[in-house]
Amino acid sequence: MIVCCVHFPCLSHVCVQEASCGFVIILMALYWCTECMPLAVTGLLPVILFPMMGIMESSEVCIQYMKDSNMLFVGGLLVAIAVEYWNLHKRIALRVLLIVGVRPALLMMGFMGTTAFLSMWISNTASTAMMLPIANAVLKQLCDTEGQENQAFEMEPEPEVEESLEARERRLKREAKYLNLDKGMSLSVCYAASIGGTATLTGTTPNLILKGQVDELFPGNGDIINFASWFGFSFPNMVLMLIISWLWLLFMYLGCNMKKSFGCGMNKDGDKEAYGVMKNEYKKLGSMCFAEGCVLVLFVLLILLWFTREPGFMPGWATVLFNKDRPYVTDGTVAILMSTLFFVIPSQLPRCGGYSEDGKPLKAPPTLLNWDVVQEKMPWNILLLLGGGFALARGSEVSGLSQWLGESLAPLQSIPPFAISFLLCLLTATFTECSSNVATTTLFLPILASMAVAIKLHPLYVMLPCTICASLAFMLPVATPPNAIAFSYGNLKVMDMAKAGFVLNIVGVITINIALNTWGAAIFNLNTFPDWANVTTIHTP
């Protein structure tokens, strides 16, 4: 202890509770980064360690595992499970691709746009796993058809030796061309899944962690982060990143030949064959059934209710009907209400009475969802991860660790805010390549909140961009499940992903900071330090 006091004088002022909480955070950070235990089990450590170290009572710790953000997560996932269960996502994807066509550049744009849209509502992993087989089937058909055309061209009799050499060169050239296209298409799908997930509040787990942390650390924030405000900030940024990513992958894997990339002035039979592959897949789905129509209606209704609950520029329906004096109804309430209807509405048009062929009364048709399907597809481990993060944030407040960290970081006040945000975004984007985005946001956000309060900077000015950057893991196959899926499907090497991903990481950090200092500042009023972020408001001794 004497050595610690000599080398680290500030630690002599840290009370036992603060040091204990810091120990728990460091321990969980190590466990999350090394994955020596399942991530969800590590998320349960505060339930054990906080009461035993005298930081928080067990009942107070356990409450953190079922917050409003967790309910929003559950409701959003139930809707996503229903969409996947009735193949509505596949119908939407194939319909969009049939409209876009099979020209290489437009095909890539179609796959990226469709994957990003699906990732806004269902999991990034599910959208990637669904889109990549379709992409591979279309590319295989294009390659095979072009090969058949070349074989037909080679059927003239002489000279045999020269023709065989030319044929071999053409075959190798064609294979190299489609290998490049395969790489680009695989990367485009997995990158679009990660980018698309940032556009909505329920699109990926870090977004919900930010909302939960802000509500926990700053209870009087006036619901500053809701579905509408998040979408208003993140959707334009997502579109900008998607376009830049598309152009970069086009340049890397298709070159600058606009005629070949966009198919200008070309009309090949191979395109018709590849188009036929997608058309056949769409025909296999058949016409839209009653269940799909119900899921689509509920899905659209949920989005409308989210947008109009508290749009910001006018009183929403929740404010008029329920939230006159307190925020009774939240986005989580709406999500659970709509997802509950999946267990009530039948999957077939009900009949009035009647008997089956064997004379028995007809049974009621099954509902749109049943619990067995939900139990199989619901990622319950994420709920424990979310709860562990909220428990850490609460423990940091109660122990006083947040205040101590904030005071220690006060000298950063002399650095321009845009520089702080940019450097923190780079740090987060680098860290998330080696750690899960959930663990990254869970560890970083409480510290960033403390720093912002200490230097009188709007908390969202650093918390918001770092949360989005935690989802921009483009360089390594192990960084995200979509990257891993693409790595297994395409003929990708680690260096292929690293070269493409490094540039996109930098581009992502730049675009997020541009968005933050333009329309983000207007939406969240980031240029002023809000009253609800005052340290005396959030700190409880």
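Residues numbered from 1 in each chain as written. Predicted model: local features only at pLDDT ≥ 70, side-chain atom pairs only at ≥ 80, totals over all residues. Heavy atoms only, no water.

Enquirer: Just to check I follow, could you spell out the pattern of salt bridges for this structure?
Expert: Between side chains of opposite charge, pairing is possible as soon as their charged atoms come close. One pass over the full model with this rule turns up 12 salt bridges. Residue Arg91 is joined to Glu292 by a salt bridge in which the shortest nitrogen-to-oxygen separation is 2.8 Å. Of this pair, Arg91 sits in helix α7 (residues 88-100) while Glu292 sits in helix α15 (residues 290-309), placing them 201 residues apart in sequence. Two residues, Asp496 and Lys183, come together in a salt bridge whose shortest N-O distance is 3.1 Å. (Salt bridge = Lys/Arg side-chain N within 4 Å of Asp/Glu carboxyl O. Helix = DSSP H or I, 4+ residues; strand = E, 2+ residues; numbered from the N terminus.)

Enquirer: So what exactly am I meant to see when it comes to the nonpolar core here?
Expert: Generally speaking, soluble globular proteins have nonpolar side chains that are buried together. Core analysis: the largest hydrophobic core is formed by 151 residues, its most contacted members being Phe111, Leu187, Tyr191, Phe218, Val462 and Met463. The dominant element in this core, judged by the number of residues it contributes, is helix α12 (residues 227-253), at 11 residues. (Core = buried A, V, L, I, M, F, W, Y, C linked by side-chain atoms within 4.5 Å. Buried < 20%, exposed > 50% of the residue type's maximum accessible area, 1.4 Å probe, protein only.)

Enquirer: Just checking my understanding: could you explain the packing of α15 against helix α17 (residues 331-340) for this structure?
Expert: The description of two packed helices rests on the angle between their axes and on the distance between the axes. At a closest axis distance of 10 Å, the pairing of α15 and α17 adopts a crossing angle of 165 degrees. On the basis of the axis angle, α15 is roughly antiparallel to α17. Here α15 and α17 pass one another in a crossing that is right-handed. For the pair α15 and α17, contact is made by Leu298, Leu301, Leu302, Leu305, Trp306 and Arg309 and by Asp331, Val334, Ala335 and Met338, respectively. Across the contact of α15 with α17, the residue classes tally to eight nonpolar, no polar and two charged. (Axes fitted to C-alpha atoms, helices over the stretch in contact; angles between N-to-C directions. Parallel < 35°, antiparallel > 145°, perpendicular 65-115°, else oblique. Left-handed = near helix turned anticlockwise from the far one by under 90°. Contact = heavy atoms within 4.5 Å. Nonpolar A, V, L, I, M, F, W, Y, C, P; charged D, E, K, R; others polar.)

Enquirer: Sorry, what's going on with the packing of aromatic side chains here?
Expert: The description of an aromatic ring pair rests on the distance of the ring centres and on the angle between the ring planes. Per the stated rule, a full pass over the model turns up 17 aromatic pairs. Centroid distance Tyr191 to Phe474: 4.8 Å. Interplanar angle 55 degrees. Geometry classified as tilted. Separated by 283 residues along the polypeptide, Tyr191 in helix α10 (residues 160-196) and Phe474 in the loop between α23 (459-469) and α24 (481-489) bring together distant segments of the chain. On the basis of relative accessibility, which here comes to 0%, the residue Tyr191 falls in the buried class. Given a relative accessible area of 0%, Phe474 falls into the buried group. Summarising the aromatic geometry, the rings of Phe227 and Phe307 are spaced 5.3 Å apart at their centres and angled 85 degrees between planes, so their arrangement reads as edge-to-face. Of this pair, Phe227 sits in helix α12 while Phe307 sits in helix α15, and the two are 80 residues apart along the sequence. Grouping aromatic residues by their ring pairs yields a cluster made of Phe117, Trp121, Phe227, Phe231, Phe235, Phe299, Trp306 and Phe307. The positively charged end of Arg91 is found above the aromatic ring belonging to Tyr282, 5.8 Å away from the centroid. Over the aromatic face of Tyr282 sits the side chain of Arg95, whose NZ or CZ is 5.4 Å from the ring centroid. (Phe/Tyr/Trp six-rings, centres within 6.5 Å; stacked < 30°, edge-to-face > 60°. Lys NZ or Arg CZ within 6 Å of the ring centre and 35° of its normal.)

Enquirer: Please clarify how the environment of Ala116 should be interpreted in this entry.
Expert: Within the element layout of this structure, Ala116 appears in helix α8 (residues 104-119). Counting along the chain gives 78 residues from Ala116 to Ser194, while the straight-line C-alpha distance between them is 7.6 Å. In this structure, Ala116 is in contact with Ala192, Gly196, Met238 and Leu242, ignoring residues within four places of it in sequence.

Enquirer: I'm lost on the environment of Leu476 in this one. Help?
Expert: You can see Leu476 is positioned in the loop between α23 and α24. Residue classification places Leu476 among the partly exposed positions, given a relative accessible area of 29%. Note: C-alpha distance between Leu476 and Asp496 (20 residues apart in sequence) is 9.5 Å.

Enquirer: Please explain the UniProt feature "transmembrane region" (unreviewed entry) in the protein chain as it appears in this structure.
Expert: Under the present numbering, the feature "transmembrane region" (unreviewed entry) in UniProt falls on residues 21-50, 70-88, 100-122, 227-251, 288-308, 415-431, 438-455 and 500-524. For residues 21-50, helix accounts for 83% and strand for 0%, while the C-alpha atoms at its two ends are 8 Å apart. In this annotation, residues 288-308 is assigned 90% helix and 0% strand; the end-to-end C-alpha distance for the span is 28 Å. (UniProt positions renumbered as here; feature names shortened; annotations may be inferred.)

Enquirer: Looking at this structure, I do not really get helix α20 (residues 401-408). What am I missing?
Expert: Note that an α-helix has 3.6 residues per turn; residues three or four places apart therefore point the same way. Of all the residues in α20, the buried ones are Leu401, Ser402 and Gly406. One side of α20 holds all its buried residues, which, seen down the axis, span an arc of 135 degrees. Of the surrounding secondary structure, the elements contacted by the buried residues of α20 are α2 (16-34), α19 (380-399) and α22 (437-454). (Arc of directions from axis to C-beta.)

Enquirer: Mind showing me how you'd approach empty space enclosed by the protein here?
Expert: Once rolled over the atoms, a probe with the size of a water molecule shows which space is left empty. All chains considered together, the criterion is met by three cavities of 30 Å³ or more. In this model, the largest cavity occupies a volume close to 70 Å³. Contributing to the lining of the largest cavity are Ile25, Leu392, Ser396, Leu401, Ser402, Leu405, Thr442, Leu443, Pro446, Ile447 and Ser450. Only α19, α20 and α22 provide two or more residues apiece to the lining of the largest cavity. Residues that form the lining of the largest cavity fall into these classes: seven nonpolar, four polar and no charged. Its volume calculated, the second largest cavity comes out at about 60 Å³. Taken together, Val83, Leu88, Ile92, Phe117, Leu118, Trp121, Ile122 and Phe299 make up the full set of residues lining the second largest cavity. Put simply, the parts of the chain that give the lining of the second largest cavity at least two residues each are α7 and α8. Here the lining of the second largest cavity is composed, by residue class, of eight nonpolar, no polar and no charged. (1 Å grid on protein atoms, 1.4 Å probe; cavity = no way out; pocket = protein on both sides within 12 Å on 5 of 7 lines; lining within 4 Å. Points joined across faces, edges and corners; volume = space filled by probe spheres on them.)

Enquirer: How should unusual backbone geometry be read in this particular structure?
Expert: Working note: non-glycine residues mostly have negative phi, and peptide bonds are mostly trans. In the Ramachandran plot, Asn87 falls in the positive-phi region, its phi being about 60 degrees despite a non-glycine side chain. Checked against the element boundaries, Asn87 lands in the loop between α6 (68-85) and α7. In this structure, Asp223 is a non-glycine residue whose phi angle is positive, near 55 degrees. Position of Asp223 relative to the elements: it lies in the loop between α11 (205-217) and α12.

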